[in-house]
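An overview of the molecular structure
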Amino acid sequence: MFQRKSPGTWQTANRPVLATTEPTLIRYLLAGVAMLFVTLFLLAPLAAVFAQAFSEGIAVYWAALRDADTLASLHLTLMTAAIAVPLNLVFGVAASWSIAKFEFLGKSLLTTLIDLPFAVSPVISGIIYVLFFGLHGYLGPWLAAHNIEIIFAVPGIVLATVFVTFPFIARELIPLMQAQGTEEEEAALSLGAGGWQTFLRVTLPNIKWGLLYGVILCNARAMGEFGAVSVISGHIRGLTNTVPLHVEILYNEYNFVGAFAVASLLTILALITLVVKSFAEWKFKQELHAIRM
Amino acid sequence: MSIEARHITKHFGAFAVLKDVSLHVATGELIALLGPSGSGKTTLLRIISGLEVPDQGSGQILLHDEDVTNRHVSMRRVGFVFQHYALFRHMTVFKNVAFGLQVRPRKLRPTKRQIREKVHELLKLVQLEWLAERYPAQLSGGQRQRIALARALAIEPKVLLLDEPFGALDAKTRQELRRWLRRLHSELNVTSVLVTHDQEEALEVADRVVITNAGRIEQVGTPEEVFHHPANEFVMNFVGHVNVFHGRVEGDRAFLGPLEVEYSGQPQTIAQPARGLVRPYDLDIDRQANGKSGFSATVQHVNAAGPHVKIDLLADSGEPVHVELTQERFRTLRLTLGESVFVCPREINVFLGGQR
């Protein structure tokens, strides 16, 4: 039941010298190359973001952040994530539950469709929505007649974000739930638990760390999405600008300090995501370890 | 609490897993469903529990004469024990066993104290009280299965259903648990159905054995009946070891490989294909032909470990033959490898017709 191996967690501390291992020199060389790449392409840009943001002092940095348009974009981004993540949470759990635990018609189609947002360029997802809800689109005239704004308004942004972040949670959960099988749920049912009780007491605790992991990734993408949102938002300052779009606008206006100051917010989000993600992973392994002793 | 399955048919896609199967289990009985993989025994058990439903419109399940065919598994109050234990991995042993009591609706739920007492009583019953605070992964396979049983018993089930409960355990643990289950059953006297593909397990544990094959029931009987009076060739072949001799029946004689014996059934005017099945212990070995019907063979391998001596021979006509002798008889004979001997059956069951 607990044979799942998290890759290489146990043996590292006391690794036996294997005949198949590489010579020391090669090992250090490979590790060195990897470290160099990480430094060059990840750490250096990261440092550059903060260096630029604070290049004219902390006061200017603060001022840039406290700009009304920046605050509005922050508000919009947070709201979008607050809608998209719970929606995808519900969808992701429902989809992976049904894919992992039931047989039904159209299952393979659903499995394939979940990957669609990964397969298609975000710009195209945005354009599809414009085509659909835009003034010259299929639903556009009807929506206009009923005074419902989707394109170049908040609902469109939320829709595009939901679409783009749609696979994250489901993809995290499906393999996990498939590996766990249905026996524990069946046992719970045979012991008299209802469907909801079974979900809350058996299924959910078994997937909680995987779920948290998926939520974190989903949230990072929801706040950081550029392409799809860019097409659909219309870039109305203070109204339909999300944080990534706002960064672009500031940058295009040669307001480098402002652009990097706002960008630093996204960078901080990325760092927090990494920390929480590592914590979730660590917690998950620790739990498994305790159980496996 | 009796169990009755009436005319159960079940298809998975186009494949018929169960074909009009009926079964009655009396109150307090322990029954074993024994059959090869894919014979439908597990499906029948799952249909009794409600984890699986029979085909639309086919059959009925009755628990204590009450029709529960349309009742959800959670309302049937059956104790189900899974092959791979299915313990809740994130809960301690205590919480696993308490689960069935804690999920009851508030009005029917015992108090915390009552639950604690009940759980400890059950852990005592399965002799694992000291493991209450452990997690399932910290237990051995045998311990896990005992906990799974305690958990199933916590809801005071009307019937206990065990799906290959010892299938994932090593031989020694399996043997111990088998005996233990037998004792537990006589103590609790709860009507039980055990699914297994291990004939030894079925014969040792059950009051009655149900032999399943290809979606049908071949025979229902006490272990002694199915072993000594098999209803047909399949049962004889499946329960216990046999030597099979292929041949034909002509008139009242059966010509089976190297053997020629009298055919006790209806004489056949036209030659019919037939097979003779002989248990290894129903074959005797002699130094020379003794006037009885038999054949000569060469000793190829001797295994004297165990209560009986197992001897592999090769008949002169080419068939491999397995014989079991008592240690005493073996000592008298003093067989050596490569020796040519005479083999004769004490009892042979002849079955007519095409190969099944």
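Not measured: the values here are computed from a predicted model. (Residues numbered from 1 in each chain as written. Chains lettered and ligands numbered in written order. Predicted model: local features only at pLDDT ≥ 70, side-chain atom pairs only at ≥ 80, totals over all residues. Heavy atoms only, no water.)

Glancing now at the sheet that holds strand β18 (residues 320-326) of chain B. Residues and elements named next belong to chain B. Pairing is antiparallel across the open sheet formed by 5 strands, whose spatial order is β15-β19-β16-β17-β18. Looking at which strands have only one partner, the edges of the open sheet turn out to be β15 (283-286) and β18. On average, adjacent strands in this sheet sit at an angle of 45° to one another, irrespective of strand direction. (Pairing = 2+ DSSP bridges. Helix = DSSP H or I, 4+ residues; strand = E, 2+ residues; numbered from the N terminus. Axes fitted to C-alpha atoms, helices over the stretch in contact; angles between N-to-C directions.)

So, about the packing of helix α5 (residues 141-153) of chain B against helix α6 (residues 171-188) of chain B. Residue and element names in this part refer to chain B. As a packed pair, α5 and α6 sit with axes 11 Å apart at the nearest point and diverge in direction by 20°. The angle between α5 and α6 places the two elements in the roughly parallel class. In this structure, the crossing between α5 and α6 has a hand that is right-handed. Between α5 and α6, the contacting residues are Gly142, Gln145, Arg146, Leu149 and Leu153 on the first element and Thr173, Leu177, Trp180, Leu181, Leu184 and Leu188 on the second. Its residues assigned to classes, the contact of α5 with α6 comprises 7 nonpolar, 3 polar and 1 charged. (Parallel < 35°, antiparallel > 145°, perpendicular 65-115°, else oblique. Left-handed = near helix turned anticlockwise from the far one by under 90°. Contact = heavy atoms within 4.5 Å. Nonpolar A, V, L, I, M, F, W, Y, C, P; charged D, E, K, R; others polar.)

On to the interface of chain B and chain A, then. Every contact between the two is made by 29 residues of chain B and, on the other side, 23 residues of chain A. Of the roughly 2,400 Å² buried where chain B meets chain A, counting both sides, 61% is carbon and sulfur surface. Of all residues in chain B, the largest losses of buried area upon contact with chain A belong to Arg89(B), His90(B) and Val103(B), amounting jointly to 30% of the total for that side. On inspection of chain B and its partner chain A, the count reaches 2 salt bridges. Between Arg46(B) and Glu186(A) there is a salt bridge; the shortest N-O distance is 2.5 Å. Our enumeration of links across chain B and chain A arrives at 5 residue pairs in polar contact (both at pLDDT 80 or more). Those elements that provide at least two residues to the side of chain B that touches chain A are α2 (73-76), β6 (78-81), α3 (93-102) and α5 of chain B. (Buried area = accessible area lost by both parts, 1.4 Å probe. Salt bridge = Lys/Arg side-chain N within 4 Å of Asp/Glu carboxyl O. Polar contact = N/O pair within 3.5 Å; in protein donor to acceptor, adjacent residues only side chain to side chain.)

Before going further, it helps to examine the side chain of Thr198(A). Residue and element names in this part refer to chain A. Looking at where threonine 198 falls in the secondary structure, it is placed in helix α11 (residues 195-224). A residue is classified by how much of its surface remains accessible, and threonine 198, at 2% relative accessible area, is buried. At 2.7 Å, the side chain of threonine 198 forms a polar contact with the backbone oxygen of glycine 194. With residues near it in sequence (within four places) discarded, threonine 198 still touches Glu185, Ala188, Leu189, Ala193 and Thr203. (Buried < 20%, exposed > 50% of the residue type's maximum accessible area, 1.4 Å probe, protein only.)

We now examine the domain arrangement of chain A. Considered domain by domain, chain A is made up of domain 1 (1-53) and domain 2 (57-292). One C-alpha centre belongs to domain 1 of chain A, the other to domain 2 of chain A, and the line joining them spans 29 Å. (Domains from an automatic or database assignment.)

Here the focus is the domain arrangement of chain B. Residue and element names in this part refer to chain B. Here the domain parsing of chain B yields domain 1 (3-238) and domain 2 (243-352). Using only C-alpha atoms to locate each centre, domain 1 and domain 2 end up separated by 40 Å. Opposite the 7 residues of domain 1 that make contact, domain 2 presents 8 residues. The largest per-residue losses of area from domain 1 upon contact with domain 2 belong to Phe227, Glu233 and Met236, which jointly make up 80% of the total buried on that side. If you look at where domain 1 meets domain 2, you find 1 salt bridge. Linking glutamate 233 and arginine 275 is a salt bridge whose minimum nitrogen-to-oxygen distance equals 2.7 Å. Summed over the shared surface of domain 1 and domain 2, the number is 3 residue pairs in polar contact (both at pLDDT 80 or more). Looking at the side of domain 1 that touches domain 2, the elements with two or more residues in it are α8 (223-228) and α9 (233-238). Per-element accounting of the side of domain 1 that touches domain 2 gives the leading share, 3 residues, to α9.

Only a minority of non-glycine residues have a phi that is not negative, and only a minority of peptide bonds are not trans. Residues and elements named next belong to chain B. Within the chain, histidine 7 stands out as a residue other than glycine whose phi angle is a positive 45°. Inspection of the secondary structure puts histidine 7 in strand β1 (residues 3-12). With a phi angle near 65°, tyrosine 85 is a residue other than glycine that sits in the positive phi range. With respect to the helices and strands, the residue tyrosine 85 is situated in the loop between β6 and α3. A relative accessible area of 8% places tyrosine 85 in the buried class.

A rise of 1.5 Å per residue sets the reference length of α5(B), with its 13 residues, at 18 Å; its end C-alpha atoms lie 18 Å apart and thus fit the reference within 8%. Among the residues of α5(B), Gly142(B), Gln143(B), Arg144(B), Gln145(B), Arg146(B), Ile147(B), Ala148(B), Leu149(B), Ala150(B), Arg151(B), Ala152(B) and Leu153(B) are the ones counted as buried. Considering only its buried residues, α5(B) is in contact with α10 (183-190) of chain A together with β6, α3, α4 (112-125), β7 (159-163) and α6 of chain B. (Expected span 1.5 Å × (residues − 1).)

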